[in-house]
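Residue-level structure breakdown
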Amino acid sequence: MKVISQQQLKPALLAGIGAMLCISALASLEQMSSQLLWLMAPFGATMVILFALPDSPLAQPRNIVCGHLLTSLMGLIILHSVGVSPLSLGLAVGAGIALMMLTHTVHPPAGANPLVIMLTAQGWDFLYSPVTSGLVLILSFGWLYHNLLCRRPYPQKWF
C-alpha cells in the first residue's frame with residue numbers, strides 16, 4: 001500500500017475544498033433564486049481544472065470563459081437551426097472543439113455544453129444563465145480562493 005505524503009495531501013485537500021465551496025455557492029444561489037440557473041454539469045469538470053491545475057493554460061480565464069461561451073453558442077445555433085439528431089449532436093460538439101482550437105481557448109469541460117443544451121432543449125437565455133452568470137462567479141471565486149486563501153497567484157494571464 002502506497003503512503004500518501006503531506007506534500008500530496010495538502011494540495012489535494014485544498015483543491016477539493018475550493019471546488020466544494022464554489023459549487024456549493026452556485027447551488028445555493030440557484031436555490032435562492034427561482035429566476036436564474038447557476039449550475040450546469042460541465043462546471044463540475046471546470047472545478048477539476050481550476051482548482052487542481054490552476055497554472056494550466058486550460059485553467060486560465062480566457063480558456064474558461066471563451067471555451068464555455070463558444071461551445072454553448074454552437075449548441076444553441078445547431079439546436080435552433082437544425083434540431084437534435086445524432087448528426088447534429090456530433091456537429092455541435094465537433095464545431096465547438098474546432099472553434100476553441102482556432103481561437104486558442106480550449107477548455108475540455110466546455111465540450112459537453114452542446115450536449116447539455118441540445119439534449120435538454122435550452123433556449124437562448126441559457127447563454128446568460130447559467131453560462132455567463134456561472135462563469136462570473138466561478139472566476140471571481142477562483143481568483144479570491146487562489147490569491148487570498150491559498151496565497152498563490154491566479155491567473156497567470158486574464159485574457
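Computed from a predicted structure; not experimentally measured.

Okay, the UniProt feature "domain: HPP transmembrane region" (unreviewed entry) in the chain next. Summarizing the sequence annotation, UniProt attributes the feature "domain: HPP transmembrane region" (unreviewed entry) to residues 6-155 in the numbering used throughout. Structurally, residues 6-155 comprises 71% helix and 0% strand, and the distance from its first C-alpha atom to its last is 25 Å.

Another point: the UniProt feature "transmembrane region" (unreviewed entry) in the chain. In the numbering used here, UniProt assigns the "transmembrane region" (unreviewed entry) feature to residues 12-29, 35-53, 73-106 and 126-145. Regarding residues 12-29, the helix share stands at 100% and the strand share at 0%, and the terminal C-alpha atoms are separated by 26 Å. Secondary structure across residues 35-53 divides into 58% helix and 0% strand, with the first and last C-alpha atoms of the span separated by 33 Å.

With 29 residues, the main nonpolar core has Phe 51 and Ile 138 as its most contacted residues. Of all the secondary structure elements, the ones that give two or more residues to this core are helix 1 (6-32), helix 2 (42-52), helix 3 (61-82), helix 4 (86-102), helix 5 (113-119) and helix 6 (128-149). Other than its neighbours up to four places away in sequence, Phe 51 contacts Ala 15, Gly 18, Ala 19, Cys 22, Phe 141, Gly 142, Tyr 145 and His 146.

This brings us to helix 6. Of all the positions in helix 6, only Ser 129, Pro 130, Val 131, Ser 133, Gly 134, Leu 135, Leu 137, Ile 138, Leu 139, Gly 142, Tyr 145 and His 146 are classed as buried. On its buried side, helix 6 packs onto helix 1, helix 2 and helix 3. Backbone geometry just after helix 6 places Arg 151 at a positive phi near 55 degrees.

Okay, unusual backbone geometry next. Keep in mind that most residues, glycine aside, have a negative phi and that most peptide bonds are trans. Omega for the bond connecting Ser 129 with Pro 130 falls within 30 degrees of zero, at 25 degrees, which places this linkage in the cis form. Along the chain, Pro 130 falls in helix 6. Across the junction of Tyr 154 and Pro 155, the peptide omega takes the value -5 degrees, indicating a cis bond. Phi is positive for His 104, which is not a glycine, with a value near 55 degrees. The phi torsion at Arg 151 lies on the positive side, around 55 degrees, for a residue other than glycine. The topology assignment puts Arg 151 in the segment after helix 6.

As a packed pair, helix 1 and helix 2 sit with axes 9 Å apart at the nearest point and diverge in direction by 140 degrees. As judged from the angle between their axes, helix 1 and helix 2 are oblique. In the crossing of helix 1 with helix 2, the sense of the turn from one axis to the other is right-handed. Packed against helix 1, whose contacting residues are Ala 15, Gly 18, Ala 19, Cys 22, Ile 23 and Leu 26, the element helix 2 presents Phe 43, Gly 44, Met 47, Phe 51 and Ala 52 at the interface. Grouping the constituent residues of the contact of helix 1 with helix 2 by class yields 9 nonpolar, 2 polar and no charged.

Cut-offs applied
- Residues numbered from 1 in each chain as written.
- Predicted model: local features only at pLDDT ≥ 70, side-chain atom pairs only at ≥ 80, totals over all residues.
- Heavy atoms only, no water.
- UniProt positions renumbered as here; feature names shortened; annotations may be inferred.
- Helix = DSSP H or I, 4+ residues; strand = E, 2+ residues; numbered from the N terminus.
- Core = buried A, V, L, I, M, F, W, Y, C linked by side-chain atoms within 4.5 Å.
- Buried < 20%, exposed > 50% of the residue type's maximum accessible area, 1.4 Å probe, protein only.
- Contact = heavy atoms within 4.5 Å.
- Axes fitted to C-alpha atoms, helices over the stretch in contact; angles between N-to-C directions.
- Parallel < 35°, antiparallel > 145°, perpendicular 65-115°, else oblique.
- Left-handed = near helix turned anticlockwise from the far one by under 90°.
- Nonpolar A, V, L, I, M, F, W, Y, C, P; charged D, E, K, R; others polar.

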